[in-house]
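Coordinate analysis (summary)
Here's the letter readout for the chains.
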Amino acid sequence: MKRYNFDELIPRKGTNCIKHDALNQFFGRDDLMPMWVADMDFRTPDFIMEALRNRCTHEVLGYAYPPESYWTCIQNWLRNHYNIESSRQELHFIPGIVSGISFVLQALTQPTDGILVTTPVYPPFLNLPQSGHRQLVCSPLKIVDGRFAIDFEDLEWRAHQCQWMILSNPHNPGGTVWGEEVLYKLADICYRNNVNVIADEIHADLTLPGHKHVSFSTVSQHARDISITFMAPSKTFNMAGLGSSVCYCPNETLRKRFFGYLDGYEVAGGNIFAYVGAEAAFTHGEDWLHQMLQYLQSNVAFLNDYLSRHLPSVKSVLPEASYLAWLDFNGLGLSHEQLVDRLVNHAKVALNDGTTFGGSQYRGCFRINLGCPQSVLHECLDRISQALA
């Protein structure tokens, strides 16, 4: 079995990548260590790059559609990893999951509809409903035993006001793997309150050793009947720039309305490399993924150990899936503005500001990206520790 090198330092500046080249736009300076945007600094796997290069030997890049082999490898991946038996008719290509969620809101909701989310949460879950003039309804999560947990009493009370829920499964920014019992209870609440669920499962493949991802649609017939699920190889195989995602919708009524919208407005087409890259990932990716997850697990352990030894006042929610961790600096007694200044202007690191995940209640909190060589993570934490000393 080929061994992959995740310690390799790959210069990315100057490649028009948001993570490295848009720092000045978002942080006011460009000399920061970028630990924010959720892509990894690992090399995109060789089997994906080889497939793209092979396609480039045919020097006509015209309109393309996904071949049957593309759909077959997706169906196999869903079956083998998540116990999802999907038909071709239940699947649709999506150029990106944020786009897909936006399409659902446009196609299947009205301006007066309530859209339920649990906070803190990935900022587009907050921004898309508000941009579309829907009624955003937030149910705050609790922290129980160092991980995020759903407040079901609060969630059910708010569900009465809503028609749809956007579910982050696994959770972003906390990396919590919800588990079958939690998802079953969530599906029951949503079903009884006539709330449909958009399940964003983009981090499903990034579930770390010792944990198991459960797809929302599989926990009950009710969950299957009320859900539209999005998945993608983009985070898993570090190919987000190809814009390649997939939608699974087993409910025929929802499917006809949603897929009809996608096809009628012609908003969900892909490009040659989106299809080629995804097929290579889902066909040849098992060994690489296994090794990468082991490396991510070691980064999570490194972060936990470092905080306990050098920054014990910083509380963390460590990921059970994904390469994203949630850090709470409030124990240091500094204001949010002071923390931002220390991190950006003294430590010179770029983290995601916690307030963008749900407002002022997350002042003092930040999200950090662990999808990098461990030497980079070590330097980042040293910078933070010195700046806060």
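Below, the structure is looked at part by part. Given the structure is predicted, the values throughout are model-derived calculations rather than measurements.

1. Quick notes on the sheet that holds strand β14 (residues 352-353)
Hydrogen bonds along the backbone pair up the strands of a sheet, which may run parallel or antiparallel. The four strands are arranged β11-β12-β15-β14 in an open sheet whose pairing can be described as antiparallel. Edge strands, defined here as strands with exactly one partner in the open sheet, are β11 (315-317) and β14. Bridge count for β11 against strand β12 (residues 324-328) is three bridges, and the pairing is antiparallel. Note that in β12 the partner of Lys315 across the bridge is Asp328. Contacts from helix α13 (residues 336-347) reach β14 and β15 (365-369), with the element oriented near 30° to β15.

2. Considering the layout of surface pockets
Empty space left among the atoms is revealed by rolling a probe the size of a water molecule over them. Its boundaries defined by the atoms lining it, the second largest pocket holds a volume of some 310 Å³. Every residue lining the second largest pocket is counted, 18 residues in all, and those nearest its centre are His20, Met33, Pro34, Asp41 and Val376. Sorting the residues of the lining of the second largest pocket by element identifies β1 (33-34) and α14 (374-388) as the ones contributing at least two each. Ranked by residue count, the leading element in the lining of the second largest pocket is α14, at three residues. Class assignment for the residues of the lining of the second largest pocket results in nine nonpolar, two polar and seven charged.

3. Describing the sheet that holds strand β8 (residues 196-200)
If you trace the seven strands from one edge of the open sheet to the other, you get β2-β10-β9-β8-β7-β3-β4, paired in mixed fashion. With partners counted over all chains shown, the strands left at the sheet margins are β2 (91-94) and β4 (135-140), one partner each. Taking each pair of neighbouring strands and ignoring which way they run, the sheet shows an average axis angle of 25°. As paired strands, strand β3 (residues 114-119) and strand β7 (residues 164-168) are joined by two bridges and run parallel to one another. Bridging from a neighbouring strand, Leu116 pairs with Met165 of β7.

4. Points about empty space enclosed by the protein
Across all of its chains, the model carries two cavities of 30 Å³ or more by this definition. Taken as a whole, the largest cavity encloses approximately 70 Å³ of empty space. In this structure, the largest cavity is lined by Ile74, Trp77, Leu78, Tyr82, Glu201, Ala204, Asp205, Met231, Ala232, Val246 and Phe282. In terms of residue count, the dominant contributor to the lining of the largest cavity is helix α4 (residues 68-82) (four residues). A per-class count over the lining of the largest cavity returns nine nonpolar, no polar and two charged. The space that makes up the second largest cavity amounts to roughly 40 Å³. Residue lining of the second largest cavity: Leu78, Ile84, Thr229, Phe230, Met231, Val246, Cys247 and Tyr248, and that is the complete set. Where the lining of the second largest cavity is concerned, the elements lending two or more residues are β9 (227-231) and β10 (245-248).

5. Observations regarding the environment of Asp31
Here Asp31 shows up in the loop between α2 (23-27) and β1. Asp31 sits in the partly exposed class, given a relative accessible area of 34%. Between the C-alpha atoms of Asp31 and Asn345, which are 314 residues apart in sequence, the distance is 9.6 Å. Within polar-contact distance, the side chain of Asp31 engages the side chain of Arg29 at 2.7 Å. One polar contact links Asp31 to Lys348, side chain to side chain, over a distance of 3.4 Å.

6. Let's talk about the nonpolar core
The biggest cluster of nonpolar side chains holds 69 residues, and the ones touching the most others in it are Met35, Ile74, Phe237, Met292, Ile368 and Ile384. Considering each element in turn, this core owes the most residues, 11 residues, to helix α12 (residues 286-310). Those residues in contact with Phe237, other than ones at most four positions away along the chain, are Thr44, Pro45, Phe47, Ile48, Trp77, Ala281, Gly285, Trp288 and Leu289. Formed by 30 residues, the second largest nonpolar core is a distinct cluster that contains Phe148, Ala159, Cys162 and Ile226.

7. Examining the environment of Arg224
Topologically, Arg224 is positioned in helix α9 (residues 221-226). Judged by relative accessible area, which is 27%, Arg224 ranks as partly exposed. Each C-alpha atom, one on Arg224 and one on Tyr82, is 13 Å from the other, the two residues being 142 residues apart in sequence. Ignoring anything within four residues of it in the chain, the contact list for Arg224 reads Glu90, Ser217, Tyr248, Pro250 and Asn251.

8. A few points about helix α7 (residues 152-159)
Every buried residue belonging to α7 is among Phe152, Asp154, Leu155 and Ala159, and all of these are buried. Across the axial projection of α7, the buried residues extend over an arc of 160°, all falling on one side. Exposed side chains of α7 directed beyond 90 degrees from the buried face belong to Glu153 and Trp157.

9. Quick word on the side chain of Ser102
Mapped onto the fold, Ser102 is located in helix α5 (residues 97-108). Here Gln106 takes part through its side chain, which lies 2.9 Å from a polar atom of the side chain of Ser102.

10. Regarding unusual backbone geometry
Cis geometry is found at the peptide bond from Thr119 to Pro120, where omega equals 5°. Residue Pro170 is bonded to the preceding Asn169 through a cis peptide linkage, with omega at 0°. Position of Pro170 relative to the elements: it lies in the loop between β7 and α8 (180-192). Even without glycine at this site, Asp145 takes up a positive phi of about 55°. Along the chain, Asp145 falls in the loop between β5 (142-144) and β6 (147-149). The exposure class assigned to Asp145 is exposed, which follows from its relative accessible area of 79%.

Reading the values: rules and limits
- Residues numbered from 1 in each chain as written.
- Predicted model: local features only at pLDDT ≥ 70, side-chain atom pairs only at ≥ 80, totals over all residues.
- Heavy atoms only, no water.
- Pairing = 2+ DSSP bridges.
- Helix = DSSP H or I, 4+ residues; strand = E, 2+ residues; numbered from the N terminus.
- Contact = heavy atoms within 4.5 Å.
- Axes fitted to C-alpha atoms, helices over the stretch in contact; angles between N-to-C directions.
- 1 Å grid on protein atoms, 1.4 Å probe; cavity = no way out; pocket = protein on both sides within 12 Å on 5 of 7 lines; lining within 4 Å.
- Points joined across faces, edges and corners; volume = space filled by probe spheres on them.
- Nonpolar A, V, L, I, M, F, W, Y, C, P; charged D, E, K, R; others polar.
- Buried < 20%, exposed > 50% of the residue type's maximum accessible area, 1.4 Å probe, protein only.
- Polar contact = N/O pair within 3.5 Å; in protein donor to acceptor, adjacent residues only side chain to side chain.
- Core = buried A, V, L, I, M, F, W, Y, C linked by side-chain atoms within 4.5 Å.
- Arc of directions from axis to C-beta.

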